[in-house]
Amino acid sequence: MTHARLVLAFLLVCGAPATAATTIRIMPPDGGILPAGQLLDIRVEATGDNGVPPAGLRVWVGGDEWTARNDPKAQEGAARGTTNFLARRFSTSTAGPLVIRATTSDGASAESRLQVERWAGPTRPAQPRARNVIFFLGDGMGAAHRTAARIVSRGMHNGKARGRLAMDTLEVTGQVMTSALNAVITDSSPGMAAYVTGQKHANNQEGVFPDNTPDVFDNPRIEYFGEMLRRTRGPGFNVGIVTTADLTDSTPAANAAHTSSRFAGPGIAAQFFDERATNGVTVLMGGGANHFAPKAAGGTRPDARHLVEEFRGAGYETVRTGTDVRALLDPGRTAPRQVLGLFHASHMVVAFDKIGAGTYSDELALEKNAAYRDTPMLEDMTRLALRSLSTHSPAGFYLMVEGASIDKRAHAADSERSLWDTIEFDRAVAVALEFARATNSDRDPDNDTLVIVTADHECGGMSIIGVGNERYAPATLGRAVRDYAGVFRFLPEQVLPFFPNYVVDDRGYPVDPNPSRKLLMGWAAAPDHVENWVADRVQTEAAVLEKKDDGRLVAVANPARAKDGEIPGFLVSGTIENGETACPDPHGCPGDTASNGHTFAGHTATDVPLLATGPGAWQFTGVYDNSDVLLKLLRAAAGTYAPLR
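It should be emphasised that the depicted structure is a prediction, and the values quoted were computed from it without experimental measurement.

Q: What exactly am I supposed to notice about the overall build of the protein chain here?
A: The helix and strand tally for the protein chain stands at 15 helices and 29 strands. Whereas a compact globule of 645 residues would reach a radius of gyration of roughly 26 Å, the protein chain reaches 27 Å, a difference of no more than 12%. Seen along its three principal axes, the alpha-carbon backbone of the protein chain occupies a region of about 95 × 70 × 60 Å. The proportion of buried residues among the 645 residues of the protein chain is 56%. Here the analysis covers contacts within the protein chain between residues at least 6 apart in sequence; of these, 72% occur between residues at least 24 apart. If you sum the accessible surface of the protein chain, you get close to 27,200 Å²; carbon and sulfur atoms cover 53% of it.

What follows is the structure, encoded as structure tokens:
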């Protein structure tokens with residue numbers, strides 16, 4: 001046997017010398033669907049397992065080698081031991097499979113297999129297109145939130161709803177799967193962004209793909225729906241963003257901002273302004289004023305930029321109160337071309353506290369909220385946005401309207417505030433439907449409107465668990481008992497009316513949130529909390545952190561939900577992590593794997609409904625991923641959707 005064969009035999013028996021294993025990550029990720037012509041960045045990251053950057057990284061896009069096209073900045077800020085490739089603003093108009101492939105000198109390889117789909121082209125004869133798209137996002141709004149809002153707001157008679165919510169009247173209903181790129185349960189950033197980029201995103205990220213750099217604004221980007229139509233239709237196409245949250249919060253930002261951190265508020269606010277020529281945002285209304293002004297002007301920006309003044313200098317009408325909004329709705333006034341509305345330093349006042357001020361809510365009576373007693377309702381913000389956009393957008397518009405605190409108060413297991421915000425959200429939907437009916441029924445076939453109503457995810461695992469048994473009403477007994485939560489009965493002698501007895505005003509809001517037979521909600525994804533079946537007059541959170549002797553912070557039920565002198569409650573044990581158990585791994589729990597004390601209810605992975613009306617609405621039937629929605633929107637906007645057979 002030759003010496004070479006002896007060496008080979010020895011290696012086969014004993015194992016070859018250990019070599020460094022290289023892993024390769026490609027963005028956009030495998031399995032994505034791209035609309036033809038959409039702009040996106042391609043990033044390839046090769047990582048060695050021994051801290052040595054892999055050699056010989058080569059990249060092919062669609063069969064053509066792109067290695068030489070690497071951006072000189074691809075390596076800036078990248079993690080140690082990596083070799084990186086970056087190509088900005090890639091697009092292709094060729095429909096069909098698209099493969100991005102990468103290899104390194106040590107034999108490592110990876111592929112991302114994508115599918116490019118056409119959406120533009122000649123319209124079908126006599127088929128309307130959506131010049132305007134209005135996208136309603138009820139943050140955290142699952143089917144139970146909608147059902148409960150209908151029961152509370154419309155009432156029931158002989159087992160039938162006395163009326164429908166505005167969102168119930170849309171002709172088409174589908175069901176959306178909501179998971180994120182890196183988690184079965186999404187947060188709001190990828191939940192919203194997937195709808196309008198067509199790609200899955202990692203949690204906390206919006207309009208970008210993950211990368212290995214710490215800079216939250218340098219990640220590879222993907223173009224939004226509004227940006228695509230602004231680029232393809234020209235400056236006559238405009239974008240509006242309306243929310244009851246901080247404007248830099250996840251959902252509003254995930255329509256125009258590109259960042260790997262949903263918490264980068266000052267930078268997101270600056271992006272709205274600095275990139276307005278490409279993001280097309282001419283209407284921007286919500287909270288978050290802190291991020292638009294420097295500390296010297298009452299804001300919290302770490303730099304000296306006064307974005308409110310910059311927006312004003314660029315021609316934006318600035319509004320701060322509900323009175324300001326109503327003034328701009330005066331038919332005698334010219335519709336503003338551009339609007340910046342900032343109605344709160346952070347998230348806006350919720351509907352329960354606006355509607356119930358001085359009667360069943362004391363939130364606005366608090367001194368800390370004195371500046372927010374004149375804030376607009378979401379329906380008036382929507383009216384103003386539509387007035388501005390429809391007047392000054394000859395090529396059409398995209399408007400996103402978010403009901404943000406459906407989610408935020410569901411996080412607090414605050415049933416009434418979550419439901420009142422759902423009712424407020426629905427009243428804004430009614431405003432949009434009135435607008436859409438006018439455009440879709442007039443003689444101009446080129447100004448039609450598509451309306452979408454959906455959610456980014458469900459929040460809290462909310463369910464309708466029963467109706468209050470008025471014989472055991474807490475107000476009657478002076479104490480809360482679990483037996484107030486009546487459930488279905490089959491007894492022939494049943495005398496308890498198992499329907500709520502709310503009295504509502506002419507807007508659909510109950511005049512008293514605590515009737516003797518109220519609708520009762522439970523929370524499957526909540527922490528420990530106290531329940532007394534009575535709406536809190538001021539906002540209280542579900543749980544608080546309690547420091548243990550060993551320093552651990554454990555989430556426990558918030559005692560403020562059973563205040564002295566008020567109706568006491570009973571403990572509802574939570575089901576999500578609470579930080580009670582220290583890391584059981586002797587080697588420690590890296591990253592986010594250790595249990596944390598969660599003081600708020602979590603999101604769930606439950607599918608959410610999507611409703612649609614207008615050109616191309618039928619495309620939204622069935623069950624599909626949130627990332628499938630963009631292509632449907634584009635085909636509705638282009639009038640190229642297949643006819644309904």
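Q: Just checking my understanding: could you explain the packing of aromatic side chains for this structure?
A: Here a ring pair, both rings aromatic, is described through the centre-centre distance and the interplanar angle of the planes. Under the defined criterion, the tally for this structure stands at 12 aromatic pairs. Measuring from centroid to centroid gives 5.7 Å for Phe136 and Phe425, while their planes differ by 80°, and the two rings are edge-to-face. Of this pair, Phe136 sits in strand E9 (residues 132-138) while Phe425 is found in helix H13 (residues 415-441), placing the two residues 289 residues apart along the sequence. Accessibility expressed as a relative area gives 0% for Phe425, which makes it buried. Seen from their ring centres, Phe311 and Tyr316 are 4.9 Å apart, and the 85° between their planes marks the pair as edge-to-face. Owing to a relative accessible area of 3%, Tyr316 belongs among the buried residues under this scheme. Lying over the aromatic face of Trp60, Arg101 brings its terminal NZ or CZ to 4.2 Å of the ring centre. The ring centre of Phe273 lies 4.0 Å from the NZ or CZ of Arg276, which sits over that ring.

Q: So what exactly am I meant to see when it comes to unusual backbone geometry here?
A: One can expect most non-glycine residues to show negative phi and most peptide bonds to be in trans. Going from Met27 to Pro28, the amide bond is cis rather than trans, its omega being 10°. Following the sequence through the fold, Pro28 ends up in the loop between strand E1 (22-27) and strand E2 (33-35). Even without glycine at this site, Asn204 takes up a positive phi of about 75°. Position of Asn204 among the secondary structure elements: in the loop between helix H3 (188-197) and helix H4 (225-233).

Q: Honestly, the pairing of strand E17 (residues 397-403) in this entry has me stumped. Any pointers?
A: Each regular strand shows side chains that alternate between the opposite faces of the sheet. The buried fraction of E17 amounts to seven of the seven residues, a majority that puts the element mostly inside the structure. Covered by surrounding structure in E17 are Phe397, Leu399, Val401 and Gly403 together with Tyr398, Met400 and Glu402, the residues of both alternating faces. Relative to E17, E9 runs parallel, the two sharing six bridges. In the strand pairing of E17, Gly138 is matched with Gly403. Pairing of strand E13 (residues 238-246) with E17 involves six bridges; the strand directions are parallel. By the bridge assignment, Thr243 is partnered in E17 with Glu402.

Q: Help me understand the side chain of Thr104, please; the structure alone is not making it clear to me.
A: Within the secondary structure layout, Thr104 lies in the loop between strand E7 (96-103) and strand E8 (109-117). Setting aside chain neighbours within four positions, we find Thr104 in contact with Thr22, Ile24, Ala46, Pro54, Ala55, Gly56 and Leu57.

Q: Help me understand a nonpolar patch on the surface in this model?
A: On the surface, Val487, Phe488 and Phe490 cluster together into a nonpolar patch covering about 390 Å² of accessible area. Along the chain, the position of Phe490 falls in the loop between strand E21 (485-486) and strand E22 (519-523).

Analysis parameters
Residues numbered from 1 in each chain as written. Predicted model: local features only at pLDDT ≥ 70, side-chain atom pairs only at ≥ 80, totals over all residues. Heavy atoms only, no water. Helix = DSSP H or I, 4+ residues; strand = E, 2+ residues; numbered from the N terminus. Rg over C-alpha atoms; globule rule 2.2 N^0.38 Å. Buried < 20%, exposed > 50% of the residue type's maximum accessible area, 1.4 Å probe, protein only. Contact = heavy atoms within 4.5 Å. Areas by Shrake-Rupley, 256 points an atom, 1.4 Å probe, with all protein chains shown as cover. Phe/Tyr/Trp six-rings, centres within 6.5 Å; stacked < 30°, edge-to-face > 60°. Lys NZ or Arg CZ within 6 Å of the ring centre and 35° of its normal. Pairing = 2+ DSSP bridges. Patch = residues over 30% accessible without salt bridge, like charges linked within 9 Å, V, L, I, M, F, W, Y side chains within 5 Å. Salt bridge = Lys/Arg side-chain N within 4 Å of Asp/Glu carboxyl O.

The values are spatial; any link to function lies outside them.
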